[in-house]
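Examination of the molecular architecture
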Amino acid sequence: MDTIMEPAKSIPVIEEADVCVLGGSCTGVFAAVRAARLGAKVVIVERQNSFGGVATSGLVNVWHSLYDNEKRQQIIAGLSYEMIERLKKRDAIIDVEATLGVNDCNAYRLNTEELKIELDNLILEAKVKPYLHTHYVGAKMGQDAIEAVFIHNKSGRGAIKAKVYIDATGDGDLCRDAGLHAYTAENMQPPTACAKIYGMNLLGDFNLPFMLQKHGEEFGLQKDWGWRGKIPGMPEVSMHAETHVFDVNCAVADMLTYSEMEGRRQIRAVMDLIRKYAPNGKKISLVNLCSYIGIRETYHIESMYKLKNKDVLYGTRFQDAIANGSYRVDIHHSNEPGITLRYLNGVEEVVRGNGMPHEFRRWREETEVNPTYYQIPYRSLVSQKVKNLLMAGRMLDAEEEAYSAVRVMVNTNQTGEAAGVAAYVSLAQDGDVRNVNANDVRKLLKEGGSIIL
Ligand SMILES: Cc1cc2nc3c(=O)[nH]c(=O)nc-3n(C[C@H](O)[C@H](O)[C@H](O)COP(=O)(O)OP(=O)(O)OC[C@H]3O[C@@H](n4cnc5c(N)ncnc54)[C@H](O)[C@@H]3O)c2cc1C
C-alpha cells in the first residue's frame, strides 16, 4: 500500500482531568459517573450524538435479570438498578422481573430514547465533562503509561491529558493503540442491524419466524434466527433484531461499511416479505433504523486474568470479584443459522432457525446443587503493560462461551462501574491501576450501591 506522511503539528490540550473515559455507552457513562461521584474530575468522549451505545444508538432495549438463576437473590444493583428506577418514573420501562420463571431472561424492556435523556442527566448531575460527536483517534505513549489521548470533532484535533484512562470503546481502540495484545474469537459473534417497525400488531396470527424460514430466500435472506419485542408505551411499534451479517469484523472499516448497508438491506427484505405474505402487510412501516449496526463482538484485549468458560459455567467465586451475572451462555452462530444456549443448571438449548423446534440436551451431568451466578474479577479490567489504563465492556478478556454470557449489558455496566471506582482509588495512590487493592474497589462499589458478593 502506498503511504504519505501527515505533517506534524502542535495539538491544543483541551482538557486536563483525573479520569478520561473513551466511549459513552452505559459502560462508559457508568464508569465516568462512579468516578465523578467519588470526587474525581472526569471527561467522557463519545463519537455518536448521544450516550448509550448499543442500548440507544443500536436500539437494543433489553436488560436482563438482576437476580441469580433461581430468582432468589438479587446479585446486581448499582447504576443499572438506579437507571431502571429512573426510567420507571418516566413510564419508560417494562419490568417483567417479578413474573419471570427460572431460565427466562428478558427482564426489562427500555424506551431507549428516554434512556438517552436519563444518561444526559446522570452525566450533568455528576458534573462529568461530556464530549459528543467526538472521536478518539490516537494516543501519546510514555514508557508504561498513556500521556495523552487525541480526539477529533467539529473544532478539529485536540488532546486530553488525564491521570487514568478507561477504554470503553467496545473495540478496545485505546488498548490496541497502547500496544496491548488484541485477539479475536474463532467464532466471532455476528452483528445485527435493529429496527423499530409500526403495525406488527395488525398482522393477526402471522408467524414471522416461520414465514422468514419459508420465504426468506426469495428476499435474499439466509436461514437465520432473530428476536423481536415490545417497547414501553407503544403497543403498535415493536423492536426487531431479525437477521445477522455473517463473517465480518466490524472493527475493520470496510467490513463495518459493508455491514451497515447489508444490515439495512436485510431490514427492508424482512419488511418486503411481510408486505407480500401477511394479511394487512402493507400497513406496516419503518419507524427507526439503528444509528449504527449493533456490534456483538470484535477484539478482546489481554488482561491480567482471562475469564475461562468454566468460570462462568461452574460459577467460580473470585476474591477480587467486581461483577456478578446470571445471563446464560448465548452463542450466536457465526457461520450457520441459530444460537446455542447453555445454562448453569447443565441444560443446553439449540435454536436452529426461525420457526424450527428447539433442541434440548445436557452439556453436563445433573447435580443436586447448581451454581446460580458467575463473577468477573478486577484483574480482567487491568493489563500487565500499561499502568494507567483500565478496560471495560465487550473487549473483556474471555474465552468464547464465557464471553457469550458476560457480554450482556447488566454485566458490562458493572465492569464500567468498577473501572470508574478503581480509577478513583488509583488516584489516591501511585496512579498505577495494577497496584489497586481490589478490596478497596469492592468496598467503594458497595458503598455506592453495587451488590458485592
Ligand atoms: C443486536 C444486538 C442485540 C443484543 N441483545 C442484547 C440484549 O438483549 N441484552 C443485553 O444486555 N445485551 C445485548 N447485546 C449485547 C450488548 O448490547 C453489548 O455487549 C454491550 O452493549 C456492549 O457494551 P459496550 O459498552 O462494551 O459496547 P458498545 O455498546 O458498543 O459501546 C461502545 C461505545 O463506544 C463508542 N465508541 C467506539 N469507538 C469510539 C471512538 N473511537 N471514539 C469515541 N467513541 C467511540 C461507541 O459509539 C459506543 O457508544 C446485544 C448486542 C447486539 C449487537
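Residues numbered from 1 in each chain as written. Predicted model: local features only at pLDDT ≥ 70, side-chain atom pairs only at ≥ 80, totals over all residues. Heavy atoms only, no water.

**Re the overall build of the chain**
What counts is decided by this rule: In DSSP terms, a helix is any run of H or I states spanning at least four residues, a strand is any run of E spanning at least two, and both are numbered starting from the N terminus. In this setup the radius of gyration rests on C-alpha atoms only. A globule is expected at 2.2 Å times the number of residues raised to 0.38. Buried residues are those whose accessible area, probed at 1.4 Å on protein chains only, stays under 20% of the maximum for their type, while exposed residues exceed 50% and partly exposed ones sit between those limits. Between two residues, a contact is recorded if the distance between any of their heavy atoms is within 4.5 Å. All accessible areas in this document rest on Shrake-Rupley with a 1.4 Å probe, and a residue is counted as covered only by the protein chains that are shown. Two residue types count as positive, namely Lys and Arg, and two as negative, namely Asp and Glu; His and chain ends fall outside the count. Just so you know, the charge point we use is NZ for Lys, CZ for Arg, CG for Asp and CD for Glu.
Along the backbone of the chain there are 10 helices and 22 strands. For 453 residues, the compact-globule estimate of 2.2 N^0.38 gives 22 Å, and the C-alpha radius of gyration of the chain, at 22 Å, lies within 12% of that figure. With respect to the principal axes defined by its C-alpha atoms, the chain has extents near 65 × 60 × 45 Å. When each of the 453 residues of the chain is scored for burial, the buried share is 60%. By sequence separation, contacts in the chain at least 24 residues apart represent 73% of the contacts at least 6 residues apart. Summed over all atoms, the accessible surface of the chain reaches about 19300 Å², with 49% contributed by carbon and sulfur. Distance between charge centroids for the chain: 3 Å, based on 53 positive and 58 negative side chains.

**Overview of the pattern of salt bridges**
Two side chains carrying opposite charge are able to pair once their charged atoms lie near each other. This is how it is decided: Only one rule defines a salt bridge in this text: a Lys or Arg side-chain nitrogen within 4 Å of an Asp or Glu carboxyl oxygen.
Evaluated as defined, the whole model comprises 29 salt bridges. Put simply, Lys88 and Glu85 hold a salt bridge, and the shortest N to O gap is 3.1 Å. Placement of both Lys88 and Glu85 in helix 2 (residues 78–89) is noted, with a separation of 3 residues, approximately one turn of the helix. Residue Lys88 is classed as partly exposed on the basis of its relative accessible area, which comes to 33%. Relative accessible area serves as the criterion here: at 28%, Glu85 is assigned to the partly exposed category. Salt bridges here are not isolated pairs; linked through shared partners, they connect Arg37, Glu82, Arg86, Glu118 and Glu125.

**Some details on the packing of helix 1 (residues 26–37) against helix 2**
Our working rule: With axes taken as lines fitted to C-alpha atoms, and helix axes fitted only over the stretch in contact, angles between N-to-C directions fall between 0 and 180 degrees. When an angle is under 35 degrees it counts as roughly parallel; over 145 it counts as roughly antiparallel; between 65 and 115 it counts as roughly perpendicular; any other value is oblique.
At a closest axis distance of 10 Å, the pairing of helix 1 and helix 2 adopts a crossing angle of 100°. Between helix 1 and helix 2, the angle falls in the class roughly perpendicular. For the pair formed by helix 1 and helix 2, the contact residues are Phe30, Val33, Arg34 and Arg37 on the first element and Gly78, Leu79, Ser80, Glu82 and Met83 on the second.

**As for the nonpolar core**
One broad rule of soluble globular proteins: the nonpolar side chains tend to lie buried together. Note the threshold: The definition of a nonpolar core used throughout is a set of buried Ala, Val, Leu, Ile, Met, Phe, Trp, Tyr and Cys residues joined through side-chain atoms within 4.5 Å. Each domain's extent is set by a domain assignment, obtained either automatically or from a database.
Core analysis: the biggest nonpolar cluster contains 120 residues, and Trp63, Leu307, Tyr378 and Leu390 have the highest contact counts within it. Three or more residues apiece are contributed to this core by two domains, here domain 1 (13–186 + 299–326 + 373–447) and domain 2 (195–289). Not counting residues within four places of it along the chain, the set of residues in contact with Tyr378 comprises Asp320, Ile322, Leu390, Ala422, Val433, Val436 and Ala438. With 22 residues, the next largest nonpolar core counts Cys20, Tyr131, Cys175 and Met395 among its residues.

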